[in-house]
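Structure at a glance
Residue-level listing of the chains:
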Amino acid sequence: MQIIACYSNKGGVGKTATAVNLAYAIAASGKRTLLCDLDPQGASGFYFRVSPSKKLTESRFFEDVERFTKAIRGSDYDNLDILPANMSFRDFDVFLSRMKNGQSRLKKALRAVKGDYDVILLDCPPNISMLSESVFRTADAVVVPVIPTTLSQRTFDQLVAFFRDQELPAKRIHAFFSMVQGAKSLHGETLAQMREDHPKRFLAAHIPFASEIERMGVMRAPVLASAPNSAAGKAYMALFAELAVRIGMDR
Amino acid sequence: MTPAEETYYLPADRLADLTDAWPGGLRVMAEHAPETLPFAIRDCFDQSLRRSQRLLIETGGEVTLLTVGRAALHQKATPEARFVAGFLGGPVKAALADVSVLRALLVITSGQARLGRLSLIDSEGKTRVRAVLRRLEPTCGTPVVLITPQALRGYDRAYDELVSLIRGAGGVPLDGGNLYRMIDPQCLDYIAKPVIEVGRQETAFDVASDLIGAYIGVARANERGIIDDQDTEFLHDYRIALRKVRSVLSLFRDVFAPEQTAELKARFSALMEPTGALRDLDVYLLEQEDFYGLVPASLHDGLDRMFTHIRGERENAQARLANHLATGRYDKEITALDKLFTRRRKLTAGLNASRASYDFARELIWKRYRKICRIASAITDTTPDAEVHDLRIQCKKLRYLMEFFGPAFPKKDFEMILKPLKKLQDSLGLFNDYGIQQANLRAFIDRLDGEPRKLEIAQSVGALIAVLHQRQIAERAKITAAFAGFDSVRTQRTFRALFHDGEEF
């Protein structure tokens, strides 16, 4: 099983849209996928029309395996389930380690309800101080959308520094440029500069600034489901394909 | 927990009842594929798939097996394959491993199918449960829809809403009724061994007539399959049915007037007579594989030639029998016999006609049992084959009597005494088969005049006869042991209690 965290230490960068479309693409490739909605602001569950589960806001949630498995909802798409919780992060490290440990009660309970997943995708909240470093430690990949602006450049540098300070493997960071506007010369310059500064961290694929992505809130469906042939749809597919190779998901 | 997948069927015109509803405030949406695909539902003649709560359906290039309580299985279809053995390897074939290798999968109904999907959607536009729709439009018969609800995790209540909606619209679960009958009310529900109610006070005349009438029905049900040469079981069942009619005539002594009994025996014999040649050849071909295992590979060429001959002979015999069954003369005769036992006005009562069936059965079974014990106890290794043959016939008669009258006696006791009887019969049957096979093989060699490779064939057949002879001797030794099993004190007591209470053995 692989755990992929969608993370950004800056809001409004298209992180939830990325989590939603990546989850869709992974599931469509045949992997049993669980998308965990951990970001109360992003609400990836909203895009799948799944209502948030009120029960799961209680703090000792992860102790209660049965309630956890009961909170999972099937999406409208094959192989894709959603955990629509607004979770507290107190027990987040417990959650992750249990997801990884095949002998844990959580894994056994999931297996019993045929919810043993190949990939777990976390839509993480944008606050690094709140998020336990264990997410970075446990996740196989941390996918980071970056808008090519000076401000984003600084926050990305901070994330890389955090990894270095905590002695976390930087190669788990898979960054890509998000909301790219080809007409903006600043975007072009920042893009080139950042690729130069972090040559191995950035994927070649990037996601354009597109109305289809904006319209996800109206359509309440992943772009890959509502407009797969749009520029944004194709970009998400390219992102998925490249990431799959980088983290060995295609094996 | 996600509930097990279950399929329901309902007349297609009731689907509107589903789509017009708002179960639990959810919107029902049905979509159908624009194109139709040819479909065929297949089952054996005895509907062994339906009886084991399965539905085998070919749609387009795919074959699907729906099983109550299990997930649907799919694989590439092989519509030209008549037996499961001819299917491509796959999950459906594996799940059909228990289907008789002798029974062909017939087309129960066929036509055009349209696939679709039914969804229950909430106010957010989220699907809470969906179902696979298979709308079947048979070439002749009632259009039906198969609905297989598919639960989505976390929406169990919506699943339950959908199921009660389906049931409310007249949906029947696959194991809750007969889908074939919904499509075609005339669809034959074939049972090779019909259970005939036998009331204890019912007259022997009525029981005999009921039995004969029922078995004429069984025989007739198999005619089409023999003519079309669908599989060898049709002829086998046909012959057994006629044999049972004949045993009722001979075992139910004096139930009908003696002259009429003699006449009926002759008429049923005459019906049976043209079927023997084809059955013998069928048996050869069914044993083909075993025969190859009995002789060394160096003699297989001779067997190849033998089976080529036999296949040719079988083809002719089949054509002859098919022609015979299609004649007006045959139809007139069997229809007349059928009518005789349905209307019964022209049946003449014999001396035992009005006896109560229960007493009559006890007397017949007890006599037959005593006779078997007498013959069997005298059998040694040197007893002539003819006497062993006689024991086999007596056992068969006892078995038929017990089968005919079974419903009038306690089931548990019957099963207890049937078990060792079956074992004894198996042994006697093998002994007899080995003998008949040897005789038939010798007769086959005699028919080979003019065959240029006669010597080669004769060598192989000679080796085969030698092995069969050895087997027959070995089986002979087992018969005494099998009889000892049948002759246990417990079985004796049960026979006495059931059929001869209070009288001396």
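Residues numbered from 1 in each chain as written. Chains lettered and ligands numbered in written order. Predicted model: local features only at pLDDT ≥ 70, side-chain atom pairs only at ≥ 80, totals over all residues. Heavy atoms only, no water.

1. Points about the packing of helix α7 (residues 233-251) of chain B against helix α9 (residues 276-286) of chain B
Residue and element names in this part refer to chain B. Between α7 and α9, the shortest axis-to-axis distance is 10 Å and the interhelical angle comes to 130°. The angle between α7 and α9 places the two elements in the oblique class. Where α7 crosses over α9, the handedness of that crossing is left-handed. Where α7 abuts α9, its residues Leu-235, His-236 and Arg-239 lie against Gly-276, Leu-278, Arg-279 and Asp-282. (Axes fitted to C-alpha atoms, helices over the stretch in contact; angles between N-to-C directions. Helix = DSSP H or I, 4+ residues; strand = E, 2+ residues; numbered from the N terminus. Parallel < 35°, antiparallel > 145°, perpendicular 65-115°, else oblique. Left-handed = near helix turned anticlockwise from the far one by under 90°. Contact = heavy atoms within 4.5 Å.)

2. Observations regarding the pattern of salt bridges
Residues and elements named next belong to chain B. Applying the stated criterion to the full structure yields 30 salt bridges over all chains. The residue Arg-135 makes a salt bridge to Glu-137 at a minimum N-O spacing of 3.5 Å. Since its relative accessible area comes to 26%, Arg-135 is described here as partly exposed. For Glu-137, a relative accessible area of 37% gives the class partly exposed. The partner of Arg-344 in a salt bridge is Asp-210, and the shortest N-O contact between them spans 2.7 Å. Of this pair, Arg-344 sits in the loop between α12 (328-343) and α13 (357-377) while Asp-210 sits in helix α6 (residues 204-227); the two residues are 134 residues apart in sequence, bridging distant segments of the chain. Residue class for Arg-344 comes out partly exposed when judged on its relative accessible area of 24%. Within the structure, one salt-bridge network assembled from shared partners comprises Arg-50, Arg-51 and Asp-189. (Salt bridge = Lys/Arg side-chain N within 4 Å of Asp/Glu carboxyl O. Buried < 20%, exposed > 50% of the residue type's maximum accessible area, 1.4 Å probe, protein only.)

3. Remarks on the packing of aromatic side chains
In this structure the tally under the stated criterion is 29 aromatic pairs over all chains. Where Phe-46 of chain A meets Tyr-47 of chain A, the ring centres are 5.7 Å apart and the plane angle is 80°; that geometry is what we call edge-to-face. Here the aromatic rings of Tyr-369 of chain B and Phe-495 of chain B are separated by 3.8 Å at their centres, their planes lie at 5°, and the arrangement is stacked. Note that Tyr-369 of chain B is positioned in helix α13 and Phe-495 of chain B in helix α17 (residues 489-499), a separation of 126 residues in sequence. Given the relative accessible area of 0%, Tyr-369 of chain B is considered buried. Through a chain of ring-to-ring contacts, three or more aromatic side chains come together here, namely Tyr-358, Trp-366, Tyr-369, Phe-409, Phe-414, Phe-483, Phe-486, Phe-495 and Phe-499 of chain B. Lying across the ring of Tyr-155 of chain B, Arg-73 of chain A places its NZ or CZ 5.4 Å from the centre. We note Arg-200 of chain B situated over the ring of Tyr-358 of chain B; from NZ or CZ to the ring centre the distance is 4.0 Å. (Phe/Tyr/Trp six-rings, centres within 6.5 Å; stacked < 30°, edge-to-face > 60°. Lys NZ or Arg CZ within 6 Å of the ring centre and 35° of its normal.)

4. So, helix α7 (residues 150-165) of chain A
Residues and elements named next belong to chain A. For α7, spanning 16 residues, the distance from its first C-alpha to its last is 23 Å, which sits close to the expected 22 Å at 1.5 Å a residue. Taken residue by residue, α7 has Ser-152, Gln-153, Thr-155, Phe-156, Leu-159, Val-160 and Phe-163 as its buried positions. Packed against the buried residues of α7 are α6 (133-138), β6 (141-146), β7 (173-177) and α8 (185-197). Two residues or fewer after α7 comes Glu-167, characterised by a positive phi angle close to 55°. (Expected span 1.5 Å × (residues − 1).)

5. Structural notes on the sheet that holds strand β4 (residues 80-83) of chain A
Residue and element names in this part refer to chain A. Pairing in this open sheet of seven strands is mixed, and the strands run β3-β4-β2-β5-β1-β6-β7 from one edge to the other. Looking along the sheet, the strands with just one partner apiece sit at the ends: β3 (73-74) and β7. Sheet topology note: the β3/β4 ladder contains two bridges and is antiparallel. Directly across from Gly-74, in β4, lies its bridge partner Asp-81. Against the sheet, helix α1 (residues 15-28) contacts β1 (2-6), β2 (33-37), β4, β5 (119-123), β6 and β7, and its axis sits at roughly 170° relative to β5. (Pairing = 2+ DSSP bridges.)

6. Let's talk about the side chain of Asp-123 of chain A
Residues and elements named next belong to chain A. Among the secondary structure elements, Asp-123 is positioned in strand β5. One polar contact links Asp-123 to Thr-16, side chain to side chain, over a distance of 3.0 Å. When sequence neighbours within four positions are dropped, the list of residues in contact with Asp-123 reads Cys-6, Lys-15, Thr-16, Ala-19, Cys-36, Asp-37, Leu-38, Asp-39 and Ser-44. (Polar contact = N/O pair within 3.5 Å; in protein donor to acceptor, adjacent residues only side chain to side chain.)

7. What about the nonpolar core?
Membership of the largest hydrophobic core comes to 105 residues, with the highest contact counts inside it found for Phe-252, Phe-268, Met-306, Phe-405 and Phe-495 of chain B. Not counting the four nearest positions on each side in its chain, Phe-268 of chain B is found in contact with Ile-212, Ile-216, Leu-242, Val-245, Arg-246, Leu-249, Leu-337 and Phe-341 of chain B. Counting residues in hydrophobic clusters, the runner-up holds 63 residues, among them Phe-48, Leu-121, Ala-244 and Met-249 of chain A. (Core = buried A, V, L, I, M, F, W, Y, C linked by side-chain atoms within 4.5 Å.)

8. Overview of the interface of chain A and chain B
Facing the 16 residues of chain A at the interface are 10 residues of chain B. Across the chain A/chain B interface, buried area totals approximately 1200 Å², and carbon plus sulfur atoms make up 38% of it. Across the contact surface, chain A and chain B share nine residue pairs in polar contact (both at pLDDT 80 or more). Tallied by class, residues from the side of chain A that touches chain B come to six nonpolar, three polar and seven charged. (Buried area = accessible area lost by both parts, 1.4 Å probe. Nonpolar A, V, L, I, M, F, W, Y, C, P; charged D, E, K, R; others polar.)

9. Some words on the environment of Val-63 of chain B
Note that Val-63 of chain B resides in strand β5 (residues 62-67). Spatially, the C-alpha atom of Val-63 of chain B lies 54 Å from that of Thr-348 of chain B, the residues being 285 residues apart in sequence.

10. A closer look at the pairing of strand β7 (residues 106-121) of chain B
Residue and element names in this part refer to chain B. Where strand β2 (residues 27-32) lies against β7, six bridges are found, and the strand directions are antiparallel. Bridge pairing in β7 places Arg-27 opposite Ile-121. Pairing between strand β3 (residues 37-43) and β7: seven bridges, direction antiparallel. Counterpart to Leu-37 in the pairing with β7 is Ala-113. With 11 bridges connecting them, β7 and strand β8 (residues 127-138) associate as antiparallel partners. Bridged to Arg-114 within β8 is Arg-135.

Without other data, these values stay purely geometric and don't point to any function.
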